[in-house]
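So the chains spell out like this:
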Amino acid sequence: MYGLYDKDGVLRFINSDREACLDYAKLFELNSAHCYLMNLIASMDNENNINVDLNQAENNN
């Protein structure tokens with residue numbers, strides 16, 4: 001599974017096919033200065049993952 005993120009870290013496209021992500025970037029003229037491609041499965045297998053508990057939220061109001 002691959003994710004295409006923009007330079008601000010916003011997920012723009014996700015697909016199991018790497019070429020589909022690259023085609024999306026090409027379609028919208030996103031180059032390496034504007035986005036990056038991440039193999040999401042490989043990053044999930046990484047020992048240094050950040051564990052985010054979605055049940056915990058901080059409210060600063």
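Everything here concerns the structure above.
This structure is a prediction, so every number in the text was calculated from the model and none was measured.

S.K.: So what exactly am I meant to see when it comes to the overall build of the protein here?
M.R.: From N to C terminus, the protein includes two helices and three strands. Listing every helix and strand of the protein by position from the N terminus yields β-β-α-β-α. Within the protein, buried positions represent 20% of all 61 residues. By element, 48% of the accessible surface of the protein is carried by carbon and sulfur atoms, the whole surface being about 5,300 Å².

S.K.: So what exactly am I meant to see when it comes to helix α1 (residues 18-27) here?
M.R.: Residues spaced three or four apart along an α-helix point in a common direction, a consequence of the helix completing one turn every 3.6 residues. By the burial criterion, the buried members of α1 are Ala20, Cys21, Tyr24 and Ala25. Along the axis of α1, the buried positions cluster into a sector of 140°, meaning they face one direction only. For α1, the exposed residues set more than 90 degrees away from the buried face come down to Lys26 and Leu27. If you follow the buried residues of α1, they end up packed against β1 (2-6), β2 (11-15) and β3 (35-39). Of the residues one or two after α1, Glu29 is the one with positive phi, at around 55°.

Analysis parameters
- Residue numbers restart at each chain and count upward from 1, following the sequence in its written direction.
- In keeping with the predicted nature of the model, local features appear solely for residues at pLDDT of at least 70, side-chain atom pairs appear and are counted solely at 80 or more, and the whole-chain, interface and lining totals rest on all residues.
- With hydrogens and water set aside, each side-chain value is computed from the structure's full complement of heavy atoms.
- Secondary structure elements are defined from DSSP: runs of H or I of at least 4 residues count as helices, runs of E of at least 2 residues count as strands, and each element is numbered from the N terminus.
- When a residue's accessible area, from a 1.4 Å probe over protein chains only, is under 20% of the maximum for its type it is buried; when over 50% it is exposed; and in between it is partly exposed.
- Note on areas: these come from Shrake-Rupley sampling with a 1.4 Å probe, and a residue is covered only by the protein chains present in the view.
- Throughout, the arc means that of the directions going from the helix axis to the C-beta atoms.
- What makes two residues a contact is simply this: any of their non-hydrogen atoms within 4.5 Å.

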